[in-house]
Amino acid sequence: MVLITRRGFVKGAAASCLALANLDTRAFDGQAASLPNSVFAYEFGDISPEQQAAFARDYGFAGTVFDHARQIPERLRALDEAHLQLFFLWLTVDISHGQIKYEPEMDAAIEALQGRGTVVWVAIQGDDADAGAEDRAIQAVDRISDLASRSNLRVALYPHYGFYLARFRDVVRLADRVGRSNVGATFNLCHELRSGFDPEFPQLLDKAIPRLYGVTVNGADRQGRDWSTLIQPLGRGDYDVTGLVRTITKAGYRGPFGIQCYGLKGDPGVYLKQSMAAWRVVSMRAAQVNS
């Protein structure tokens, strides 16, 4: 049995799992089963679309993510030339001060993604103490849902520490309230840990599974308090990512996993290589238990 505790780490069957940094990947001969989920990586710093696509391709990822409604033609061309998928386009909406502010060129960006299977990631900024904030958030998501549906796309609400939608609980709630068939949720490990891992995560996960469109993971410390400890290359830190992935896939999740790399220092090629090697171990271990 797997239990997610208040701290967000796994006890029980997964308690004996070592930190991935200490795993000997030679134990896997390449023939072991792995999860069928696609894996992408994103946030490699301020580089060109061509460089981002090359990093993702060269280290074995199926695709990547771009932030904000800009450079869409250049980004799509770079991914097409690298034969990669744009899994998500990350957009922000600000509902502060009684207003709704969308990103410039949002409409055109969503239209340009028609037929690509990209999910529109929506992070909503604002203060939950503002009067009418929930109504404005619903109104904003309704509008984006309409735009996405015209391009046959889905929308996933993105929990971000310090934003109006900060936790997994928040995006599940708002997706429920919106009630649109193309609107779902995302789980982000680093933001959940920073906000305080929800003790009711298993129940929230069961509720969200039919419309859980994305999950992002990374190396992290269970007791981490800042981004340097909560976003590390996969394979570092003592958080049991394998146990988390096992829990999520065992609940029925078949969508993509993203490797969050925001703020990592140094050569992306180094931490992407390490993260992909660690992901293969996570995937094999989770698949072995789930089979």
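Up top is the structure these notes are about.
Scope of this entry: the structure provided in the associated data block. Predicted, not measured: the structure shown is a model, and the values here were computed from it.

What to know about the overall build of the protein chain
When its secondary structure is counted, the protein chain shows 10 helices and 11 strands. Classification of the 291 residues of the protein chain by burial places 55% in the buried group. Within the protein chain, counting contacts between residues at least 6 apart in sequence, those at least 24 apart form 74% of the total. Entry remark: accessible area of the protein chain is about 12900 Å², with carbon and sulfur atoms responsible for 46%.

Considering the nonpolar core
Counting residues in hydrophobic clusters, the biggest one holds 83 residues, and the most contacted among them are Phe187, Val217, Ile248 and Trp279. Residues contacting Phe187, with those up to four places away along its chain left out, are Phe168, Glu192, Phe197, Phe201, Leu212, Gly214, Val215, Thr216, Leu244 and Ile248. Grouped together as the second largest cluster of nonpolar side chains are 13 residues, Phe40, Tyr42, Trp121 and Ala156 included.

A word on the pattern of salt bridges
Enumeration according to the criterion identifies 14 salt bridges in this entry. With a closest N to O distance of 2.8 Å, Arg143 and Asp107 form a salt bridge. One end of the pair, Arg143, is in helix 4 (residues 133-150); the other, Asp107, is in helix 3 (residues 106-112), and 36 residues separate them in sequence. Using a relative accessible area of 32% as the deciding quantity, one classes Arg143 as partly exposed. The partly exposed category is assigned to Asp107, whose relative accessible area is 32%. Of the charged contacts, one joins Asp142 and Arg180 as a salt bridge, the two residues approaching to 3.4 Å between their closest N and O atoms. With a gap of 38 residues between them, Asp142 in helix 4 and Arg180 in the loop between helix 5 (168-178) and strand 9 (183-188) connect regions that are remote in the sequence.

Brief notes about helix 5
Within helix 5, burial applies to Phe168, Asp170, Val171, Val172, Leu174, Ala175 and Val178. Looking at the residues trailing helix 5, positive phi occurs at Gly179, about 70°.

Brief notes about the packing of helix 4 against helix 5
Taken N-terminus to C-terminus, the directions of helix 4 and helix 5 make an angle of 70°; their axes are 10 Å apart at the nearest point. Overall, the two elements helix 4 and helix 5 adopt an arrangement that is roughly perpendicular. In terms of crossing hand, the pair formed by helix 4 and helix 5 is right-handed. Note on element contacts: helix 5 touches helix 4 through Arg173, Leu174, Arg177 and Val178, opposite Glu134, Ala137, Ile138, Val141 and Asp142.

Concerning the environment of Val282
Mapped onto the secondary structure, Val282 falls in helix 10 (residues 268-290). In sequence terms Val282 and Asp240 are 42 residues apart; their C-alpha atoms lie 9.6 Å from each other.

What about helix 9 (residues 241-250)?
Think of an α-helix as turning once every 3.6 residues; residues three or four places apart then point the same way. Most of helix 9 is tucked away: 9 of the 10 residues are buried. Among all positions in helix 9, only Val241, Thr242, Gly243, Leu244, Val245, Arg246, Thr247, Ile248 and Thr249 are buried.

Digging into unusual backbone geometry
Phi is positive for Gln71, which is not a glycine, with a value near 50°. Positionally, Gln71 belongs in the loop between strand 4 (63-67) and helix 2 (72-82). When its relative accessible area of 40% is taken as the criterion, Gln71 is described as partly exposed. Its identity as a non-glycine residue notwithstanding, Asn152 has a phi of 55°, on the positive side. Tracing the backbone through its elements, the reader meets Asn152 in the loop between helix 4 and strand 8 (154-157).

Things to note about the pairing of strand 7 (residues 119-125)
By the criterion of burial, strand 7 is predominantly enclosed, with 6 of the 7 residues buried. Bridging between strand 5 (residues 85-94) and strand 7 involves 7 bridges; their strand directions are parallel. Pairing of Phe88 across the sheet is with Val119, part of strand 7. Where strand 7 and strand 8 come together, 4 bridges link them in parallel fashion. The residue of strand 8 that forms the bridge with Val120 is Val155.

Comments concerning the side chain of Arg136
Here Arg136 shows up in helix 4. One buried charge, Arg136, has no salt-bridge partner; the nearest side chain with opposite charge is Asp130, at 4.1 Å. In terms of polar contacts, Arg136 uses its side chain to reach the backbone carbonyl oxygen of Ile95, at 2.9 Å. A distance of 2.9 Å separates a polar atom in the side chain of Arg136 from the backbone oxygen of Ala131. Not counting residues up to four positions away in its chain, the partners in contact with Arg136 are Ile95, Gly98, Gln99, Ile100, Asp130 and Ala131.

About the cut-offs
- Residues numbered from 1 in each chain as written.
- Predicted model: local features only at pLDDT ≥ 70, side-chain atom pairs only at ≥ 80, totals over all residues.
- Heavy atoms only, no water.
- Helix = DSSP H or I, 4+ residues; strand = E, 2+ residues; numbered from the N terminus.
- Buried < 20%, exposed > 50% of the residue type's maximum accessible area, 1.4 Å probe, protein only.
- Contact = heavy atoms within 4.5 Å.
- Areas by Shrake-Rupley, 256 points an atom, 1.4 Å probe, with all protein chains shown as cover.
- Core = buried A, V, L, I, M, F, W, Y, C linked by side-chain atoms within 4.5 Å.
- Salt bridge = Lys/Arg side-chain N within 4 Å of Asp/Glu carboxyl O.
- Axes fitted to C-alpha atoms, helices over the stretch in contact; angles between N-to-C directions.
- Parallel < 35°, antiparallel > 145°, perpendicular 65-115°, else oblique.
- Left-handed = near helix turned anticlockwise from the far one by under 90°.
- Pairing = 2+ DSSP bridges.
- Lys, Arg positive; Asp, Glu negative; His and termini not counted.
- Polar contact = N/O pair within 3.5 Å; in protein donor to acceptor, adjacent residues only side chain to side chain.

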